[in-house]
Amino acid sequence: MTIDQFTVVHADPMLVGECPLWHPAERNIYWVDIAGYKVHRIHPLTGEHREWRMESEPAAIAIHSHGGLVVATRSGFVHLDTGSGAVSPIAPAPYDTAIARFNDGCVDGAGRFWVGTIYEPRDQPAAEMYCLEKGALTLKWSGGMTNSNGLAFAPEQHAMYHADTTAHRVDRYNFDAETGMVSHREPFHQFSSDKANNYGGRPDGAAVDSEGAYWCAMFEGGRLLRFSPQGELLCEVALPLRCPTMIAFGGDDLRTLYVTSASHGRPAAEREQYPLTGCVLSLRLEVAGREEPMYLP
């Protein structure tokens, strides 16, 4: 794909843009700027933009079935009333906020909000996976990863995908939507970490389309990858920026793919080469996505 096939949805660069989320009833796209402490919303057709500043870094968001958003911040889960701007607590962070924070997450078909953490010292695989179910927060597993990312569910809710960005690896788990049980981890795709030879970036945020294919944003790779449920690489989409962070399907037909990106800490030469660094982009696809489930309190 060429650059002229992309639309700039929001041209004000994010520090760490993340977690785009399409709201079908509102026809708005939401996302967060983690390092900017803000939740953003824009109506792609009108360009109407609104933002909300949070007290601690927002990372993952989900549509709340009673209205507004659930926001996973460093200090815990909160409800954001997008009408009034009021923020109310749901569950405090269960970890040491000096060395960890919530990161990537999404909602399963039963309305549970799964969010993993990033262990910021990065000297050991000490990140964790949590699940918010009807207001109660449960630890699902601990360790074995450093930067929890790339969380997505198969359309039939029989499989969970999950990436550890630090390990450059995506895994696939068996998933029971009725009970919320996760089992039988198996490698889905291992990416190279050799930056001197054929380095294509590391897996960040992800989404699954209506055909069950897993889409992954490759941070520092400047591309999106689409894999079959069996792990076969189906296609690659080159981007006009180097650090995409996450993707989301949206639009009335769910064929618009939204892409967030990061500018924080990127070299000046890179920002000059890729002037869309940190912006929110969109592109049209032949394949449709799926409507993301809402969190059920």
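Here, every reference points to the structure presented above.
As the structure is a prediction and not an experimental result, all values here were calculated from the model.

**Q** When you look at the overall build of the chain in this model, what are you seeing that I'm missing?
**A** When you go through the chain residue by residue, the secondary structure sums to one helix and 24 strands. For the chain, the C-alpha radius of gyration of 17 Å lies close to 19 Å, the compact-globule estimate for 297 residues. Out of the 297 residues in the chain, the part that is buried amounts to 58%. For the chain, the proportion of contacts with a sequence separation of at least 24, taken over those separated by at least 6, is 45%. When the accessible area of the chain is evaluated, it comes to approximately 12,300 Å², of which 48% is carbon and sulfur surface.

**Q** Can you help me understand empty space enclosed by the protein in this one?
**A** A water-sized probe rolled over the atoms picks out the places where empty space is left. Scanning the entire structure with this criterion turns up two cavities of 30 Å³ or more. The calculated volume of the largest cavity comes to roughly 250 Å³. When contributions to the lining of the largest cavity are tallied by element, the ones reaching two or more residues are strand 2 (17–23), strand 6 (58–63), strand 10 (100–107), strand 14 (148–153), strand 18 (202–208) and strand 22 (244–250). When the residues that make up the lining of the largest cavity are grouped by side-chain class, the tally is 18 nonpolar, two polar and two charged. As a volume, the second largest cavity reaches approximately 40 Å³. Lining the second largest cavity are Trp22, Pro24, Phe249, Leu254, Arg290, Glu291 and Glu292. Grouping the amino acids of the lining of the second largest cavity by side-chain chemistry returns four nonpolar, no polar and three charged.

Here is what the cut-offs are and how they apply
- Residues numbered from 1 in each chain as written.
- Predicted model: local features only at pLDDT ≥ 70, side-chain atom pairs only at ≥ 80, totals over all residues.
- Heavy atoms only, no water.
- Helix = DSSP H or I, 4+ residues; strand = E, 2+ residues; numbered from the N terminus.
- Rg over C-alpha atoms; globule rule 2.2 N^0.38 Å.
- Buried < 20%, exposed > 50% of the residue type's maximum accessible area, 1.4 Å probe, protein only.
- Contact = heavy atoms within 4.5 Å.
- Areas by Shrake-Rupley, 256 points an atom, 1.4 Å probe, with all protein chains shown as cover.
- 1 Å grid on protein atoms, 1.4 Å probe; cavity = no way out; pocket = protein on both sides within 12 Å on 5 of 7 lines; lining within 4 Å.
- Points joined across faces, edges and corners; volume = space filled by probe spheres on them.
- Nonpolar A, V, L, I, M, F, W, Y, C, P; charged D, E, K, R; others polar.

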